[in-house]
Amino acid sequence: RAALIRGRFSPARRQELPPWAASRARFADLCTGCGDCIPACGPGLLVRGQDGLPAVRFDRGACDFCAACADVCAAGALGPARDAGGAMRRPWLASVGVGGKCISAAGVVCRVCAEACETGAIRFADPRGHGLPRVDISACTGCGACVATCPVQTVSVTVEPIGQEEVKS
C-alpha cells in the first residue's frame, strides 16, 4: 500500500551488488555514493539505486567483467579486481534462479537463456526445450546474460550476487 501512495505501481526491484562488491552490509558501509563506477561501466549495467548507491541492472545486458568499475572505486567498496599477481579475481558468487513464470515451463519452446549463457551453465532436461531450465551454479559466472535475453526478464530469471567476501581467489 505504501508503494502505491509513493506512486510505485510495481514492487521495488531488489538492488543487486556491483561486481567485486563485498557483502551487502560492508558495501553500504564503504561506498560513498560518488557514482564514479556508473559511467565506467562499459555495458551500462550500473545505475544509481534507490538508496543512492550503485546497483546492477541485469535487464540492461550482461556484465563483461572488465573491472573498470572496481578500478575507479577510490573508497574500496569494489575490488580489488585483481590479486597480488595481477590475475583477475572472481567478481562474485551468484545465486541464479528460474521462476515459475518461465514461458518454457508453460509449454512454450524457449531456450534463449541457455543460448545466451557462454559457460553452458543453463541446460534443459527436455531436449525440446520444455520445462524449467536447470542452472549449474558452479559453471555460472553471474554475468546476467540470461536475464537480459529472457522474454519475461526479471520476473522469471534472477541473478543475485552473494558478495566478494565469500569468493575464494
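Parameters at a glance
- Residues numbered from 1 in each chain as written.
- Predicted model: local features only at pLDDT ≥ 70, side-chain atom pairs only at ≥ 80, totals over all residues.
- Heavy atoms only, no water.
- Helix = DSSP H or I, 4+ residues; strand = E, 2+ residues; numbered from the N terminus.
- Buried < 20%, exposed > 50% of the residue type's maximum accessible area, 1.4 Å probe, protein only.
- Areas by Shrake-Rupley, 256 points an atom, 1.4 Å probe, with all protein chains shown as cover.
- Salt bridge = Lys/Arg side-chain N within 4 Å of Asp/Glu carboxyl O.
- Phe/Tyr/Trp six-rings, centres within 6.5 Å; stacked < 30°, edge-to-face > 60°.

(A) Focus on the overall build of the chain. Broken down by element type, the chain carries 6 helices and 6 strands. For the chain, the succession of helices and strands along the chain, N to C, is α-α-α-β-β-α-β-α-β-β-α-β. Across the 169 residues in the chain, those meeting the buried criterion constitute 40%. Accessible area of the chain: about 9,100 Å², with a carbon and sulfur share of 54%.

(B) Region of interest: unusual backbone geometry. Cis geometry marks the peptide bond from Gly79 to Pro80; its omega dihedral reads 5 degrees. Of note, Pro80 is situated in the loop between α4 (68-72) and β3 (94-98). Non-glycine residue Ala67 carries a positive phi angle of around 75 degrees. Checked against the element boundaries, Ala67 lands in the loop between β2 (54-56) and α4. On the basis of relative accessibility, which here comes to 1%, the residue Ala67 falls in the buried class.

(C) Structural detail: the pattern of salt bridges. Scanning all chains against the criterion turns up 2 salt bridges. With its nearest N and O atoms 3.2 Å apart, the salt bridge here joins Asp71 to Arg82. Note that Asp71 is positioned in helix α4 and Arg82 in the loop between α4 and β3, a separation of 11 residues in sequence. Judged by relative accessible area, which is 51%, Asp71 ranks as exposed.

(D) Geometry of the packing of aromatic side chains. Counted by the stated rule, this structure contains 3 aromatic pairs. Taken together, a centroid distance of 6.0 Å and an interplanar angle of 75 degrees make the contact between Phe58 and Trp92 edge-to-face. Here Phe58 is found in the loop between β2 and α4, whereas its partner Trp92 is found in the loop between α4 and β3, with 34 residues between them in sequence. Grouping residues by exposure puts Phe58 and Trp92 together as buried.

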